[in-house]
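Per-entry structural report
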Amino acid sequence: MEKATLGGGCFWCTEAVYLELKGVVDVKPGYSGGYVENPDYKAVCTGTTGHAEVVQITFDPEVVSFSQILEVFFMTHDPTTLNRQGNDVGTQYRSAIFYHSEKQKEVAENVIRLFSEEKVYDDPIVTEVTAFDKFYVAEDYHINYFARNKSQGYCQFVVAPKVEKFRKIFKDQLKK
């Protein structure tokens, strides 16, 4: 098994998407990339901890490659807006790949280059590619948030459309 740690804005969105991807065995929302030890949601939301909202994905590389994980990542959030995803604004919502190995770094840089060359987005990709240091799992109420709170407004208007987009684009890679 391998791990990937990705920040694609709100972790409720990214967690919901990756829970449905074939080859993913676990997804945990949490915080990474900052300098405050053991941060909590309230502190991270202030934007003063240096941490991004991330998901840590445990996946089977025999079923899904890191490159495929990143393809999903880039197609289900906007990697061209610095420190922002929609109405969520601040460094805690930055687009970030926290690589766990030099191979992951190389793959991330190649995927970004390919997406840029193919002009998938009109604007430049601003995704941070940084060495992984620490991951702090989020509070229990964030785990599997979308599945437990589908009727909540944010889930209906922000999370659900991202999940639907994922299902449409990656229909052949969904868990059965």
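Here, the structure is the one placed above.
The paragraphs below set out a description of the structure included in this document. Counting starts from 1 at the beginning of each chain's written sequence and moves along it residue by residue. pLDDT decides what is reported in this predicted model: residues at 70 or higher carry local features, side-chain atom pairs at 80 or more are listed and counted, and totals for whole chains, interfaces and linings draw on all residues regardless. The basis for every side-chain value is the complete set of heavy atoms in the structure, and neither hydrogens nor water enter the calculation.

Some details on the overall build of the protein chain
Note the threshold: Working definition: helices are DSSP H or I runs of at least four residues, strands are E runs of at least two. Numbering for both runs from the N terminus. C-alpha atoms define the radius of gyration, and 2.2 Å times the number of residues to the power 0.38 defines the globule rule. By definition in these notes, contact holds between two residues if any of their heavy atoms fall within 4.5 Å. With residues, only the protein chains shown are counted as cover, and all accessible areas are computed by Shrake-Rupley using a 1.4 Å probe. The charged-residue count follows a simple rule in which Lys and Arg add positive charge and Asp and Glu add negative charge, with His and chain termini not counted at all. All charge positions are set by atom: Lys at NZ, Arg at CZ, Asp at CG, Glu at CD.
Looking only at helices and strands, the protein chain features six helices and eight strands. Compactness check: the protein chain gives a C-alpha radius of gyration of 15 Å against a globular reference of 16 Å for 176 residues, within 12% of the reference. Partitioning the contacts of the protein chain with sequence separation of at least 6, the portion at a separation of at least 24 is 76%. For the protein chain, the exposed area adds up to about 8,800 Å²; of that, 52% sits on carbon and sulfur atoms. Between the mean site of the 20 positive side-chain charges and the mean site of the 25 negative ones, the protein chain shows a separation of 5 Å.

Re unusual backbone geometry
Put simply, the rule reads: Throughout, exposure labels follow a simple rule: accessible area from a 1.4 Å probe, protein chains only, divided by the maximum for the residue type, with under 20% read as buried, over 50% as exposed, and the rest as partly exposed.
Although it is not a glycine, Asn 83 sits at a positive phi angle of roughly 55 degrees. As for its position among the elements, Asn 83 is in the loop between helix H3 (66-75) and strand E4 (84-85). With a phi close to 55 degrees, Asn 144 is a non-glycine residue in the positive phi region. Counting through the fold element by element, Asn 144 comes out in the loop between strand E8 (135-137) and helix H5 (145-148). Taking relative accessible area as the criterion, Asn 144 reaches 31% and is therefore assigned partly exposed.

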